[in-house]
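Coordinate analysis (summary)
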Amino acid sequence: MGCQLSAPITVWPLGAQLLEGPVWVARDQRLWFVDIKGRRIYAYDPMTAAGESWNAPDQIGFCLPLARGGFVAGLQSGLARFDPLFGSFEPIVDPEPDLPGNRLNDAAIAPDGRLWFGTMDDAEVAATGRIYRLGDGARCQAMTPAASITNGPAFSPDGRTLYHVDTLGGVIHAASIAPDGSLFDQRVLAVIPANEGYPDGPVCDAEGCVWIGLYNGWSVRRYSPAGEFLEAVRFPVSAITKLAFGGPRLTTLYATTARKHIALDKLPAEPAAGNLLAFDVAVPGVPTVEAVIG
């Protein structure tokens, strides 16, 4: 029996170019996410079906909660503290000052509160992106080999396994995490042929299974921790960028989507492209940890 309990439906019709980075923030019971190309941050309240938004100073890949309040944002110019009360951004660090063509793309918070985030070539050509771990003193440590489009990371519920994605390569990678945060036993979890879609943002559920959005694949997939393909959920849009568990029981799976790849004459066939969608699942997600930045 599959984990899916309902069909994906639009919950916020935004028609955005490139939604990304959904995360459920327990302290305000809202789903936060971004529009990279539109340079906006969004917060959605499912209880009222109402949303709020803020402008970002440049392209923004993610917006994750900080333990001391506020958020950490991944801008093209680097990491910044975001205060939604004032709509302000305070720079923290640029991980790649020598790569102005790169931008920050996706991120997750490890169970220990450390921020892990990825970069990518904004032109989606050069293999200049990596996954970084933010250490003490805002030190950014590169953790993975280079790729043109990185996605993830995501963490297993016990925090011992890291998942990250080489989107153009079609590969979902897994690696074991040592107590000091270093990676070992790096391996391939799954490979997705390009004609089936490009693997995008991953997230893990409470059983340790990996959910992956498919860009240009019209679906999301669920894999076991051993890499076994378990099920697919069909979507009314072609590009699903990332998933996040939300709601009071973490059994609503939200999905950000995109429309930037769709030709104008093809848009009528995908009226929900660029919207925030959601469906219900039997297995809940794992609560989001708030980031600790020293």
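Residues numbered from 1 in each chain as written. Predicted model: local features only at pLDDT ≥ 70, side-chain atom pairs only at ≥ 80, totals over all residues. Heavy atoms only, no water.

Some remarks on the overall build of the chain
The helix and strand tally for the chain stands at zero helices and 24 strands. What you see for the chain is a C-alpha radius of gyration of 17 Å, in line with the 19 Å of a compact globule of 294 residues. Seen through its principal axes, the chain has C-alpha atoms that stretch 45 × 45 × 40 Å. For the chain, buried positions account for 57% of its 294 residues. For the chain, the accessible surface area stands at approximately 11900 Å², while carbon and sulfur atoms represent 53% of it. Within the chain, one finds 22 positive and 31 negative side-chain charges whose respective centroids are separated by 1 Å. (Helix = DSSP H or I, 4+ residues; strand = E, 2+ residues; numbered from the N terminus. Rg over C-alpha atoms; globule rule 2.2 N^0.38 Å. Buried < 20%, exposed > 50% of the residue type's maximum accessible area, 1.4 Å probe, protein only. Areas by Shrake-Rupley, 256 points an atom, 1.4 Å probe, with all protein chains shown as cover. Lys, Arg positive; Asp, Glu negative; His and termini not counted. Charge placed at Lys NZ, Arg CZ, Asp CG, Glu CD.)

Describing the sheet that holds strand E3 (residues 30–35)
Read from one edge of the open sheet, four strands run E2-E3-E4-E5, paired in antiparallel fashion. Two strands in the sheet have a free side with no partner beyond their single neighbour: strand E2 (19–25) and strand E5 (50–55). In this sheet, neighbouring strand axes are inclined to one another by 20° on average, regardless of whether the strands run parallel or antiparallel. Looking at chain direction, E3 and strand E4 (residues 40–45) are connected through five bridges and run antiparallel. Bridging from a neighbouring strand, Val34 pairs with Ile41 of E4. (Pairing = 2+ DSSP bridges. Axes fitted to C-alpha atoms, helices over the stretch in contact; angles between N-to-C directions.)

Observations concerning the pairing of strand E11 (residues 115–121)
Of all the seven residues making up E11, seven are buried; the element is thus mostly covered by neighbouring parts of the structure. Of the two faces of E11, the one carrying Leu115, Phe117, Thr119 and Asp121 and the one carrying Trp116, Gly118 and Met120 are both buried. From the end of strand E10 (residues 102–109) to the start of E11, which pair antiparallel, there are five residues, and Gly113 there has a positive phi angle of about 90°. Where E11 and strand E12 (residues 131–134) come together, three bridges link them in antiparallel fashion. Paired with Phe117 across the bridge in E12 is Tyr132.

Overview of the packing of aromatic side chains
Each aromatic ring pair is summarised here by two numbers: the centre-to-centre distance and the angle between the ring planes. Following the criterion strictly, the structure yields 16 aromatic pairs and no others. Measuring from ring centre to ring centre gives 5.3 Å for Trp12 and Tyr42, while their planes differ by 85°; the resulting arrangement is edge-to-face. In this pair, Trp12 sits in strand E1 (residues 9–12) while Tyr42 sits in strand E4, placing the two residues 30 residues apart along the sequence. Its relative accessible area of 10% is what places Tyr42 among the buried residues. With centroids separated by 6.3 Å and ring planes inclined at 50°, the aromatic side chains of Phe71 and Phe82 adopt a geometry described as tilted. Highlighted residues: Phe71 in strand E7 (residues 71–75) and Phe82 in strand E8 (residues 78–83), separated in sequence by eleven residues. (Phe/Tyr/Trp six-rings, centres within 6.5 Å; stacked < 30°, edge-to-face > 60°.)

Comments concerning the pattern of salt bridges
Here the idea is simple: oppositely charged side chains can pair when their charged atoms come close. Counted by the stated rule, this structure contains 14 salt bridges. Residues Lys260 and Glu124 are paired through a salt bridge, measuring 3.4 Å at the closest nitrogen-oxygen approach. Taken together, the positions of Lys260 in the loop between strand E23 (252–257) and strand E24 (276–280) and Glu124 in the loop between E11 and E12 put the pair 136 residues apart, joining distant regions of the chain. (Salt bridge = Lys/Arg side-chain N within 4 Å of Asp/Glu carboxyl O.)

Quick look at the sheet that holds strand E15 (residues 161–166)
In a beta sheet, neighbouring strands are held together by backbone hydrogen bonds and run either parallel or antiparallel to one another. Here we have four strands laid out as an open sheet, ordered E14-E15-E16-E17, and antiparallel in their pairing. At either margin of the open sheet sits one strand with a lone partner, and together these are strand E14 (150–155) and strand E17 (183–191). Put simply, the sheet's adjacent strands are angled 20° from each other on average, direction ignored. With four bridges joining them, E14 and E15 adopt antiparallel strand pairing. Looking across to E15, one finds that Thr150 is bridged to Asp166.

Some thoughts on the nonpolar core
With 34 residues, the main nonpolar core has Trp32, Ile41, Leu64, Leu79, Phe82, Leu115 and Phe117 as its most contacted residues. Once residues lying within four places of it in the same chain are set aside, the contact partners of Trp32 are Gly21, Pro22, Val23, Val25, Ile41, Tyr42, Ala43, Trp54, Cys63, Phe71, Phe82 and Pro84. In terms of nonpolar packing, the next biggest core, distinct from the first, is built from 33 residues, Ile240, Ala255, Ala273 and Val281 among them. (Core = buried A, V, L, I, M, F, W, Y, C linked by side-chain atoms within 4.5 Å. Contact = heavy atoms within 4.5 Å.)

Looking at unusual backbone geometry
Along the chain, Gly152 connects to Pro153 via a cis peptide bond; the corresponding omega equals 10°. Non-glycine residue Arg39 carries a positive phi angle of around 55°. The partly exposed category is assigned to Arg39, whose relative accessible area is 37%.

Structural notes on the side chain of Arg222
The topology assignment puts Arg222 in strand E20 (residues 219–223). Overall, Arg222 belongs to the buried group, its relative accessible area being 6%. Of note is the side chain of Arg222, whose polar atom sits 2.9 Å from the side chain of Asp205. For Arg222, the contacting residues outside a window of four places in its chain are Cys3, Asp205, Glu207, Cys209, Val210, Trp211, Glu228, Phe229, Leu230, Glu231 and Val283. (Polar contact = N/O pair within 3.5 Å; in protein donor to acceptor, adjacent residues only side chain to side chain.)

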